[in-house]
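Listed below, chain by chain, are the residues.
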Amino acid sequence: MRQNTVQPLNLDQDIKSGNIAPIYLISGEETFLVAETVKQLVEHLLEPTTRDFNFDVFDGTQADLREILSAVEVYPTMADRRVVLVNEPAFLSTSSSGKSENSTTDIPNPETAEAENQQTDSPLFTGQPAELSPVQTETAEEFSDLSPSEQFCSWVSEKFPESSVLILACRHKVDARSRIVKEISRQGKHLEFSINDRPTQNDPLFQRVVERLKQADKQISFGTYNIIRQRVGQDAHRVFQELEKAIAYIGEKKRIEEKDIRSLIAETINESIFALTD
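For clarity, every value in this text was computed on a predicted model and none was experimentally measured.

What counts and how
- Residues numbered from 1 in each chain as written.
- Predicted model: local features only at pLDDT ≥ 70, side-chain atom pairs only at ≥ 80, totals over all residues.
- Heavy atoms only, no water.
- Helix = DSSP H or I, 4+ residues; strand = E, 2+ residues; numbered from the N terminus.
- Buried < 20%, exposed > 50% of the residue type's maximum accessible area, 1.4 Å probe, protein only.
- Contact = heavy atoms within 4.5 Å.
- Areas by Shrake-Rupley, 256 points an atom, 1.4 Å probe, with all protein chains shown as cover.
- Salt bridge = Lys/Arg side-chain N within 4 Å of Asp/Glu carboxyl O.
- Core = buried A, V, L, I, M, F, W, Y, C linked by side-chain atoms within 4.5 Å.
- Pairing = 2+ DSSP bridges.
- Axes fitted to C-alpha atoms, helices over the stretch in contact; angles between N-to-C directions.
- Expected span 1.5 Å × (residues − 1).
- Arc of directions from axis to C-beta.
- Parallel < 35°, antiparallel > 145°, perpendicular 65-115°, else oblique.
- Left-handed = near helix turned anticlockwise from the far one by under 90°.
- Nonpolar A, V, L, I, M, F, W, Y, C, P; charged D, E, K, R; others polar.

With respect to the overall build of the protein chain
Point 1. On a plain count of helices and strands, the protein chain comes out with twelve helices and seven strands.
Point 2. Here the protein chain holds 278 residues, and the buried ones make up 47% of them.
Point 3. Relative to all contacts within the protein chain whose residues are 6 or more apart in sequence, the contacts with residues 24 or more apart total 75%.
Point 4. When the accessible surface of the protein chain is split by element, carbon and sulfur atoms take 44% of a total near 15000 Å².

A few points about the pattern of salt bridges
Point 1. Summed over all chains, the structure comprises twelve salt bridges.
Point 2. When the shortest N-O distance is used, the salt bridge between aspartate 203 and arginine 229 registers 3.8 Å. With aspartate 203 in the loop between strand E5 (189-192) and helix H8 (204-215) and arginine 229 in helix H9 (residues 222-232), the pair connects residues that are 26 residues apart, well separated along the chain. Arginine 229 shares its class with aspartate 203; the two are buried.
Point 3. Note that arginine 212 is salt-bridged to glutamate 244, the shortest N-O span being 2.7 Å.

Comments concerning the nonpolar core
Point 1. Among the nonpolar cores identified, the biggest contains 42 residues, and Ile167 and Ile256 are the most heavily contacted of them.
Point 2. Setting aside chain neighbours within four positions, we find isoleucine 256 in contact with Leu213, Gln219, Ile220, Thr224, Leu243, Ala246, Ile247, Ile250 and Ile261.
Point 3. The next biggest cluster of nonpolar side chains, apart from the first, holds 25 residues, and it includes Leu69, Val72, Leu166 and Cys170.

A word on unusual backbone geometry
Point 1. Backbone geometry at methionine 78 places phi at a positive 55°, although glycine is not the residue there.
Point 2. At aspartate 217, a residue that is not glycine, the phi angle is positive and equals roughly 60°.
Point 3. Mapped onto the elements, aspartate 217 comes out in the loop between H8 and strand E6 (219-220).

Concerning the sheet that holds strand E3 (residues 82-87)
Point 1. The sheet built from five strands is open, its strands ordered E2-E3-E4-E1-E5 with parallel pairing. Single-partner strands in this sheet number two, and they are strand E2 (55-59) and E5. Averaged over all neighbouring strand pairs, the angle between strand axes comes to 15°, with direction disregarded.
Point 2. In this structure, E3 lies alongside strand E4 (residues 164-169), joined through six bridges in parallel fashion. When the bridges of E4 are listed, valine 86 appears paired with leucine 168.
Point 3. Sitting on the sheet, helix H7 (residues 179-187) is in contact with strand E1 (23-27), E4 and E5, with an inclination near 125° to E1.

Some remarks on the side chain of threonine 224
Point 1. Following the sequence through the fold, threonine 224 ends up in helix H9.
Point 2. Using a relative accessible area of 1% as the deciding quantity, one classes threonine 224 as buried.
Point 3. Discounting chain neighbours no more than four positions away, the residues touching threonine 224 are Ile256, Glu257, Glu258 and Ile261.

Description of H8
Point 1. The terminal C-alpha atoms of H8, which comprises twelve residues, lie 17 Å apart, in line with the 16 Å expected from a rise of 1.5 Å per residue.
Point 2. Those residues of H8 lying buried are Leu205, Phe206, Arg208, Val209 and Leu213. What you see down the axis of H8 is that its buried residues fit within an arc of 160°, all on one side. Turned more than 90 degrees from where H8 packs its buried face, Lys214 and Gln215 sit exposed.
Point 3. Against helix H2 (31-45), E6, H9, helix H10 (236-250) and strand E7 (255-256) lie the buried residues of H8.

Observations concerning the packing of H9 against H10
Point 1. At a closest axis distance of 10 Å, the pairing of H9 and H10 adopts a crossing angle of 125°. Between H9 and H10, the angle falls in the class oblique. Seen along the crossing, H9 lies across H10 with a hand that is right-handed. Of the residues in H10, those in contact with Ile228, Arg229, Arg231 and Val232 of H9 are Arg238, Val239 and Glu242.
Point 2. Taken together, the residues of the contact of H9 with H10 break down into three nonpolar, no polar and four charged.

Comments concerning the environment of leucine 85
Point 1. Mapped onto the elements, leucine 85 comes out in strand E3.
Point 2. By relative accessible area, which is 0% here, leucine 85 ends up buried.
Point 3. Placed 47 residues apart in sequence, leucine 85 and valine 38 show a C-alpha to C-alpha distance of 8.5 Å.

Side note on H2
Point 1. Its 15 residues place the ends of H2 21 Å apart at the C-alpha level, agreeing with the 21 Å of an ideal helix rising 1.5 Å per residue.
Point 2. Along H2, the residues that are buried comprise Phe32, Leu33, Val34, Ala35, Thr37, Val38, Gln40, Leu41, Val42 and Leu45.

This is the structure in structure tokens:
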């Protein structure tokens with residue numbers, strides 16, 4: 001069965017053309033791109049004026065699946081659709097407990113973090129946590145003999161409401177061969193962001209860099225971008241931090257050159273070794 005995948009930069013075009021999937025699975029070790037894609041989706045799918053009424057966020061390592069499905073089934077308020085975001089959904093695991101083997105630390109509540117003058121750790125948490133609501137009795141009885149993964153597969157193939165979009169965000173790779181991921185790909189879209197040691201011009205991070213530079217009316221070559229990656233490593237957050245510095249550094253110039261990056265970012269040991277062995 002062919003999996004329904006989508007290139008990240010086509011996401012905006014897909015949504016504007018009305019090609020909106022009912023479910024998006026966004027996964028991979030490149031957590032910066034996972035978080036940015038989640039943010040992009042939410043911003044495109046919801047109007048700011050009605051977002052608070054139609055956006056629920058769940059910590060998937062803690063929330064009950066039936067509660068998440070109940071939230072998806074709620075009809076939108078004064079809007080065309082509602083969005084439910086699940087961070088680190090445990091039901092992607094095929095284990096009977098439904099707890100994700102790759103789950104990370106709990107996602108803190110932004111209000112609590114702000115009160116304690118702390119920064120929220122998770123880049124995926126983009127809204128207020130959903131309040132727990134009573135689980136529908138009919139759904140509970142229907143799913144009582146199934147594992148969480150089987151429950152989800154059964155539900156998504158039969159009952160998905162047309163007025164909702166479900167976003168599943170994972171800061172790790174998922175098993176594309178598993179039944180649940182195949183079912184998600186069949187019903188919706190799966191975007192995987194893997195860390196690439198040898199990126200090409202089709203590298204999603206490079207495409208995001210080009211997109212950001214277009215906004216600033218700047219350009220960069222793929223070779224210059226590779227120097228940034230060599231000097232900052234796999235830290236995508238730092239790639240964009242250094243990019244912003246470079247935009248300010250070149251002033252009125254239109255193109256970021258290799259010499260600009262070499263002046264701004266110190267050479268690393270790894271890059272020196274690479275140069276010696278190249």
